Amino acid sequence: MSQFIVCLDPGHGPGCANRSPDGSYQEQEFAYDVAGRVKARLEARGVEVVLTRDAEGYPSLSQRCLASNGAGAHAFVSLHSNAAGNGGWESASGLEMYTSAGPDTAPRNVLAQRLKERFEAERVALRTVPIRHYGYAVLTGTEAPAVLIEYGFHTSRSDTALLLDGSYREKLARATADGICAFLGVAWREETAGESDRDTVQRRFRLADETMDYLSAYQYADALLQRLATGA
Ligand SMILES: [Zn+2]
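Keep in mind that what you see is a predicted model, and the values were worked out from it rather than measured. (Residues numbered from 1 in each chain as written. Predicted model: local features only at pLDDT ≥ 70, side-chain atom pairs only at ≥ 80, totals over all residues. Heavy atoms only, no water.)

## Quick look at the coordination of the zinc ion
And then number 1: Within the protein, His 12 (NE2), Glu 27 (OE) and His 80 (ND1) serve as the donor atoms for the zinc ion, at 2.0 to 2.2 Å.
And then number 2: Linear spacing of the donor residues for the zinc ion on their chain is H-x14-E-x52-H. Taken together, the positions of His 12 in the loop between β1 (5-10) and α1 (27-44) and His 80 in strand β3 (residues 75-82) put the pair 68 residues apart, joining distant regions of the chain. (Donors = N, O, S within 2.8 Å, 3.2 Å for Na, K, Ca; no water. Helix = DSSP H or I, 4+ residues; strand = E, 2+ residues; numbered from the N terminus.)

## Quick word on helix α3 (residues 107-121)
And then number 1: The end-to-end C-alpha distance of α3, which contains 15 residues, comes to 21 Å, matching closely the 21 Å that a straight helix rising 1.5 Å per residue would cover.
And then number 2: Those residues of α3 that fall on the buried side of the exposure criterion are Asn 109, Leu 111, Ala 112, Leu 115, Lys 116, Arg 118 and Phe 119.
And then number 3: Within two residues after α3, Arg 123 carries a phi angle of roughly 60°, on the positive side. (Expected span 1.5 Å × (residues − 1). Buried < 20%, exposed > 50% of the residue type's maximum accessible area, 1.4 Å probe, protein only.)

## Examining the sheet that holds strand β6 (residues 146-153)
And then number 1: Strand order in the open sheet formed by six strands is β2-β1-β3-β6-β4-β5, with mixed pairing between adjacent strands. Since the sheet does not close on itself, it has two edges, and those belong to β2 (48-51) and β5 (126-133), each with one partner. Strand-to-strand twist in this sheet, taken as the mean axis angle between neighbours without regard to direction, amounts to 20°.
And then number 2: Bridge analysis of strand β4 (residues 95-99) against β5 gives four bridges, and the strand direction is parallel. Pairing of Tyr 98 across the sheet is with Arg 132, part of β5.
And then number 3: Against the sheet, α3 touches β3, β4, β5 and β6, its axis set at about 165° to β5. (Pairing = 2+ DSSP bridges. Axes fitted to C-alpha atoms, helices over the stretch in contact; angles between N-to-C directions. Contact = heavy atoms within 4.5 Å.)

## Structural notes on the pattern of salt bridges
Opposite charge on two side chains allows them to pair when their charged atoms are near.
And then number 1: Under the defined criterion, the tally for this structure stands at 15 salt bridges.
And then number 2: As a salt-bridge pair, Glu 43 and Lys 39 come within 3.0 Å of each other at their nearest N and O atoms. Note that Glu 43 and Lys 39 are positioned in helix α1 at a spacing of four residues, about one turn of the helix.
And then number 3: Its relative accessible area of 39% is what places Glu 43 among the partly exposed residues.
And then number 4: Its relative accessible area of 24% is what places Lys 39 among the partly exposed residues. (Salt bridge = Lys/Arg side-chain N within 4 Å of Asp/Glu carboxyl O.)

## Notes on the environment of Ala 173
And then number 1: Mapped onto the elements, Ala 173 comes out in helix α6 (residues 166-184).
And then number 2: Classification of Ala 173 by relative accessible area gives buried; the value is 0%.
And then number 3: What Ala 173 contacts, discounting residues up to four positions off in sequence, is Val 34, Arg 37, Val 38 and Arg 41.

## Regarding the packing of aromatic side chains
And then number 1: Scanning the model with the defined rule gives six aromatic pairs in all.
And then number 2: Here Tyr 134 and Tyr 136 contribute two aromatic rings whose centre-to-centre distance is 4.6 Å and whose plane-to-plane angle is 55°, an arrangement assigned as tilted.
And then number 3: Overall, Tyr 136 belongs to the partly exposed group, its relative accessible area being 28%.
And then number 4: Taking the centre distance of 5.8 Å and the plane angle of 80° together, the rings of Tyr 218 and Tyr 220 count as edge-to-face.
And then number 5: Of the aromatic side chains, those joined through ring pairs into one cluster are Tyr 25, Phe 30, Phe 119 and Tyr 151. (Phe/Tyr/Trp six-rings, centres within 6.5 Å; stacked < 30°, edge-to-face > 60°.)

Following this line, the structure appears as structure tokens:
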């Protein structure tokens, strides 16, 4: 039996009208897809995951809270994307998170802070005020420390392009899972199987692509990366 249970709440459901102005992006599809990616990463570290809906489901807000409370979740994360304006493209962009209220020392805000650190490490663009407070039903009705993540604006052309991109979704999922694990105190489990030394080093030390290119150009790069990757 797992020590920890995490409830992931993919926002909305099929038929929801929240989409990009050009119709290429649906918030509910993004939310469900990224939740699945986070789930896989948490389960790989031995964390039990409960989803509030499947691909076809569209539960009410109180049903989502019940799913978390019934499971006895230790953390609740709701996945969304943001919107601005009245149906056209807008300039507002970036990731922001919500918890129900302060203070900063409340577990929900510590969870948000751990997530923020991981998004920063992954160089995800954050809003000027990345952690805000609002009494969303899924935040006030859940017993577990709860955070709602607005991963970007589907009314921004540049954010929408990112939110549609599979590798960007992986990056968001990695940061989300890492942040949750950091909050829970779940030990970092190295996922080195089948990974190149370069990838292991980049992940372990959280280095930028440019830094890795620079390192790889070094005359003894292969030996150096191998030493760093194996911790020798
Ligand atoms: Zn939403």
